[in-house]
Amino acid sequence: MIGPQHAALICTVLLLGVTAYFFLGSVPLLLLKHDNPVDARFIRSFYNTYYLFALCVASATAVSYAMAGRPAFATGAAIIAMIAWVQRGKVLPMM
């Protein structure tokens, strides 16, 4: 059986993976020229996917840290989830 410490570790690794996906995927999108609507739709879906994954994984990370008895880490992960939620509501409508 997997304990709360292991669950917190797994969720943290997943959160790092989601962040790496965004960093590695967003740099080429910022450097290339986008002049047709298909590109804009792709970029919007890329950011939407990132924000949804970050929100879900950061929420799971916050819960797992809370269950593991690590309130400071749980608060940090909850702040990351809140930032993803707020940014999704602000950035996507402007695209």
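Definitions and cut-offs
- Residues numbered from 1 in each chain as written.
- Predicted model: local features only at pLDDT ≥ 70, side-chain atom pairs only at ≥ 80, totals over all residues.
- Heavy atoms only, no water.
- Helix = DSSP H or I, 4+ residues; strand = E, 2+ residues; numbered from the N terminus.
- Expected span 1.5 Å × (residues − 1).
- Buried < 20%, exposed > 50% of the residue type's maximum accessible area, 1.4 Å probe, protein only.
- Contact = heavy atoms within 4.5 Å.
- Core = buried A, V, L, I, M, F, W, Y, C linked by side-chain atoms within 4.5 Å.
- Bend = angle between axes of the 7 residues up to and from the residue.

Engineer: What's the story with helix α2 (residues 37-67) in this structure? I'm lost.
Structural biologist: Each α-helix turn comprises 3.6 residues. Residues three or four places apart therefore point the same way. Under the 1.5 Å per step criterion, the end-to-end length of α2 is 45 Å for 31 residues, consistent within 8% with the ideal 45 Å. Every buried residue of α2 is accounted for by Ile-43, Phe-46, Tyr-47, Tyr-50, Tyr-51, Ala-54, Val-57, Ala-58, Thr-61, Ala-62, Ser-64 and Tyr-65. Where the residues of α2 are buried, they touch α1 (4-31) and α3 (71-94). Just downstream of α2 lies Gly-69, where phi reads positive at about 80°.

Engineer: Looking at this structure, how should I read the nonpolar core?
Structural biologist: Across soluble globular proteins, nonpolar side chains show a tendency to be buried alongside one another. Val-18, Phe-22, Phe-46, Tyr-47, Tyr-50, Tyr-51 and Ala-54 are the most contacted members of the largest nonpolar core, which totals 16 residues. Breaking this core down by element, the ones donating at least two residues are α1, α2 and α3. With residues up to four places along the chain from it excluded, the contact list for Phe-22 reads Phe-46, Tyr-47 and Tyr-50.

Engineer: What is the right way to read the environment of Thr-75 from this model?
Structural biologist: Take Thr-75: it is sitting in helix α3. Accessibility expressed as a relative area gives 47% for Thr-75, which makes it partly exposed.

Engineer: In this structure, what is going on with the side chain of Ser-64? I would like to understand it.
Structural biologist: Looking at the element boundaries, Ser-64 is found in helix α2. Classification of Ser-64 by relative accessible area gives buried; the value is 7%.

Engineer: Please explain α3 as it appears in this structure.
Structural biologist: Across its 24 residues, α3 extends 35 Å between first and last C-alpha, which sits within 8% of the 34 Å expected from 1.5 Å per residue. The axis of α3 is deflected most strongly, by about 30°, at Arg-88. Within α3, the full set of buried residues consists of Ala-74, Ala-77, Ala-81, Ala-84, Val-91 and Leu-92. Buried-residue contacts for α3 involve α2.

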